[in-house]
Amino acid sequence: MTDTLPSREDSWMLLCEWTESESLRKHARAVEHAMRSYARKYGEDEEKWGLIGLLHDFDYERYPDQRHPQLGSEVLREKGYPEDMIRAILSHADYTGVKRETLMEHTLFATDELCGFLVACALVRPDKSFDTLEPSSVKKRIKDKAFARTVHRDDLWNGAKELGLEFDEHCSFVIASLRDIQEEIGLKKVV
């Protein structure tokens, strides 16, 4: 139930306390927005899904190794976050051994890497925005192993599969979602 969740403001403050990198904060915001959009689509708890997206990497800067997100999950537990949220965050990293089972868990996995990759794709476009970005362009960039080389290509494809969607459908949905906040996450600057 939403009334037992920590507030969005408290969650943002926790993210900012643990994450100094502006780009990592923008990534968290992008995944939060994509998660909220999918929650609306699926008739799920938008607040809960958004907080999961916001906090999924909050400990990454301190633990950029396989201690993330395990050590962060302990902090979330101490702060009273619901166990299903913690489990979803743990499940987004395959090496934790927490198997993704719920739609919420699959959606976090599906949006995490894709949001980062889509931002990278938009940044190299002439208009530096999602306005003209299409799945066909994204797929061309996926084939270019030198482009955004830290992104796990298999996770991009598998995320859509885990949601039971074709890649183009998933990609289009996330692009459309992120258009709403593109200025906030550093794209399409107002001149």
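Residues numbered from 1 in each chain as written. Predicted model: local features only at pLDDT ≥ 70, side-chain atom pairs only at ≥ 80, totals over all residues. Heavy atoms only, no water.

Trainee: Before we go on, may I ask you to explain the packing of aromatic side chains in this structure?
Mentor: How two aromatic rings sit relative to each other is given by the distance of their centres and the angle of their planes. Summed over all chains, the structure comprises seven aromatic pairs. Ring centres 6.4 Å apart and planes at 55° place the aromatic pair Tyr-42 and Trp-49 in the tilted group. You can call Tyr-42 partly exposed: its relative accessible area is 25%. An angle of 90° between the planes, with centres 5.5 Å apart, marks the rings of Phe-117 and Phe-147 as edge-to-face. Highlighted residues: Phe-117 in helix α6 (residues 103-123) and Phe-147 in the loop between α7 (135-143) and α8 (153-162), separated in sequence by 30 residues. The two residues Phe-117 and Phe-147 agree in class, both being buried. Taken together, the aromatic side chains of Tyr-38, Tyr-42, Trp-49 and Phe-173 make up a single cluster linked through ring pairs. Over the aromatic face of Phe-109 sits the side chain of Arg-100, whose NZ or CZ is 3.6 Å from the ring centroid. We note Arg-141 situated over the ring of Phe-147; from NZ or CZ to the ring centre the distance is 4.8 Å. (Phe/Tyr/Trp six-rings, centres within 6.5 Å; stacked < 30°, edge-to-face > 60°. Buried < 20%, exposed > 50% of the residue type's maximum accessible area, 1.4 Å probe, protein only. Helix = DSSP H or I, 4+ residues; strand = E, 2+ residues; numbered from the N terminus. Lys NZ or Arg CZ within 6 Å of the ring centre and 35° of its normal.)

Trainee: Whenever I open this one, the pattern of salt bridges confuses me. Can you help?
Mentor: A side chain with one charge may pair with a side chain of the opposite charge, provided their charged atoms come close. Scanning all chains against the criterion turns up 16 salt bridges. One salt bridge connects Arg-29 with Glu-184, and the closest N-O pair in it is separated by 2.5 Å. With a gap of 155 residues between them, Arg-29 in helix α2 (residues 22-42) and Glu-184 in the segment after α9 (167-179) connect regions that are remote in the sequence. Judged by its relative accessible area of 15%, Arg-29 falls in the buried class. Judged by relative accessible area, Glu-184 falls into the partly exposed class, the value being 44%. Residue Asp-94 is joined to Arg-100 by a salt bridge in which the shortest nitrogen-to-oxygen separation is 2.9 Å. (Salt bridge = Lys/Arg side-chain N within 4 Å of Asp/Glu carboxyl O.)

Trainee: Quick question: what am I supposed to make of the environment of Glu-113 here?
Mentor: Considering the arrangement of structural elements, one finds Glu-113 in helix α6. Along the sequence, Glu-113 and Ser-129 sit 16 residues apart, while their C-alpha atoms lie 18 Å from each other. Glu-113 has contacts with Thr-150, Val-151, His-152, Asp-155 and Leu-156, leaving out every residue within four places of it along the chain. A polar side-chain atom of Glu-113 sits 3.0 Å from the main-chain amide nitrogen of His-152. (Contact = heavy atoms within 4.5 Å. Polar contact = N/O pair within 3.5 Å; in protein donor to acceptor, adjacent residues only side chain to side chain.)

Trainee: Just checking my understanding: could you explain α8 for this structure?
Mentor: Because an α-helix completes one turn every 3.6 residues, residues spaced three or four positions apart along the sequence face the same direction. Buried within α8 we find Arg-153, Asp-155, Leu-156, Gly-159 and Ala-160. If you follow the buried residues of α8, they end up packed against α6, α7 and α9. In the segment just after α8, Gly-164 is the residue with positive phi, at about 75°.

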